[in-house]
Amino acid sequence: YTTEGLLSQIQASSLELMDHLKVIHACQISGFWRLLDFDYEMKLLSHITQLMDSESWSFSRIPLKVSLQELRPLEPDIVWSVMEKGEVFYALDEDKICRATAQMLLQNAVKFNLSEFQDVWQQSVPEGMTTRLDQLKGLALVDRSSRPETIFLLKTEDLPEDTQERFNALFTMREKWTEADIAPYIQDLCGEKQTIGALLTKYARSSLQNGVKLYNSRRPLS
């Protein structure tokens with residue numbers, strides 16, 4: 001679809017449409033919007049990071065023209081559509097690169113030892129980048145009750161869109177949640193002027209455990 005084609009099919013303003021295209025990581029190629037397969041995105045990223053290493057470039061200053069010239073023989077369908085005149089420098093988004101790398105590592109494991117994962121994750125990102133668990137909000141969940149502590153992939157977009165069904169799924173997965181853990185998975189359900197606290201009040205019960213406020217389901221789960 002072109003932008004005009006999407007606007008003719010979807011009840012949304014141009015601003016709302018563009019915001020959502022950004023959220024789902026759509027890219028425009030030759031005037032048409034596409035969703036790239038995650039493995040393909042990581043393949044492109046690998047090409048770029050290998051080029052950075054060979055040329056000793058900083059991730060905060062990557063010359064676009066030289067990069068595209070090098071990548072064009074490898075990925076012509078993508079590269080030819082974004083060629084620009086003159087020299088332009090780009091920076092890799094540290095948080096997005098760290099997040100994507102974590103997803104790549106976690107998608108092939110049911111659960112990952114947290115300490116081991118953090119070591120492998122840091123070693124897998126470009127030099128100069130720093131990995132942090134807060135980069136994984138809405139993507140992965142840490143289980144600090146297990147011994148050793150573990151981390152596993154849990155993407156917000158894979159959860160039900162209906163609010164009650166979303167809470168049911170989350171409370172089926174884990175009986176009690178802290179607000180910090182559950183917030184990334186219900187943030188997108190908040191309507192205009194609605195807060196996470198208001199959602200939790202409506203769909204969950206709170207209790208104190210060792211001085212920590214925890215939330216569980218308001219209704220029995222089968």
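Before any of the text, the structure's been laid out above.
Residues numbered from 1 in each chain as written. Predicted model: local features only at pLDDT ≥ 70, side-chain atom pairs only at ≥ 80, totals over all residues. Heavy atoms only, no water.

Student: Can you break down the overall build of the protein residue by residue, with the values?
Tutor: Along the protein, the regular secondary structure elements total 10 helices and nine strands. Its C-alpha atoms give the protein principal-axis dimensions of roughly 60 × 50 × 25 Å. Looking at the 222 residues of the protein, the share that counts as buried comes to 38%. Just so you have it, the protein exposes about 14,100 Å², and 50% of that area is on carbon and sulfur atoms. Across the protein, the 24 positively charged side chains and the 32 negatively charged ones have centroids separated by 7 Å. (Helix = DSSP H or I, 4+ residues; strand = E, 2+ residues; numbered from the N terminus. Buried < 20%, exposed > 50% of the residue type's maximum accessible area, 1.4 Å probe, protein only. Areas by Shrake-Rupley, 256 points an atom, 1.4 Å probe, with all protein chains shown as cover. Lys, Arg positive; Asp, Glu negative; His and termini not counted. Charge placed at Lys NZ, Arg CZ, Asp CG, Glu CD.)

Student: Talk me through the pattern of salt bridges; I want residue IDs and the actual numbers.
Tutor: Tallying each qualifying case throughout the model produces seven salt bridges. Put simply, Arg166 and Asp188 hold a salt bridge, and the shortest N to O gap is 3.0 Å. On the criterion of sequence distance, the pair formed by Arg166 in helix α8 (residues 163–173) and Asp188 in the loop between α9 (179–186) and α10 (196–203) is long-range, its members being 22 residues apart. The exposure class of Arg166 is buried, given its relative accessible area of 2%. Judged by relative accessible area, Asp188 falls into the partly exposed class, the value being 48%. (Salt bridge = Lys/Arg side-chain N within 4 Å of Asp/Glu carboxyl O.)

Student: I'd like to hear about the nonpolar core, residue by residue, with values.
Tutor: The biggest cluster of nonpolar side chains holds 26 residues, and the ones touching the most others in it are Leu92, Phe117, Trp121, Met129, Leu136 and Ile151. Listing elements by their share of this core, those giving two or more residues are α3 (38–55), α6 (94–106), α7 (114–124) and β6 (140–143). It is α6 that contributes the most residues to this core, six residues altogether. Mapped onto the domain boundaries, this core takes at least three residues apiece from domain 2 (38–92) and domain 3 (94–217). (Core = buried A, V, L, I, M, F, W, Y, C linked by side-chain atoms within 4.5 Å. Domains from an automatic or database assignment.)

Student: Run through the packing of α8 against α10, naming residues and quoting values.
Tutor: Working note: a packed helix pair is described by the angle between its axes plus the distance between those axes. Interaxial distance between α8 and α10 falls to 11 Å at its minimum, and their mutual angle equals 80°. Here α8 is positioned roughly perpendicular relative to α10, judged by the angle of their axes. Here α8 contributes Thr163, Gln164, Phe167 and Phe171 to the contact with α10, which in turn contributes Leu199, Leu200 and Tyr203. Its residues placed into classes, the contact of α8 with α10 shows five nonpolar, two polar and no charged. (Axes fitted to C-alpha atoms, helices over the stretch in contact; angles between N-to-C directions. Parallel < 35°, antiparallel > 145°, perpendicular 65-115°, else oblique. Contact = heavy atoms within 4.5 Å. Nonpolar A, V, L, I, M, F, W, Y, C, P; charged D, E, K, R; others polar.)

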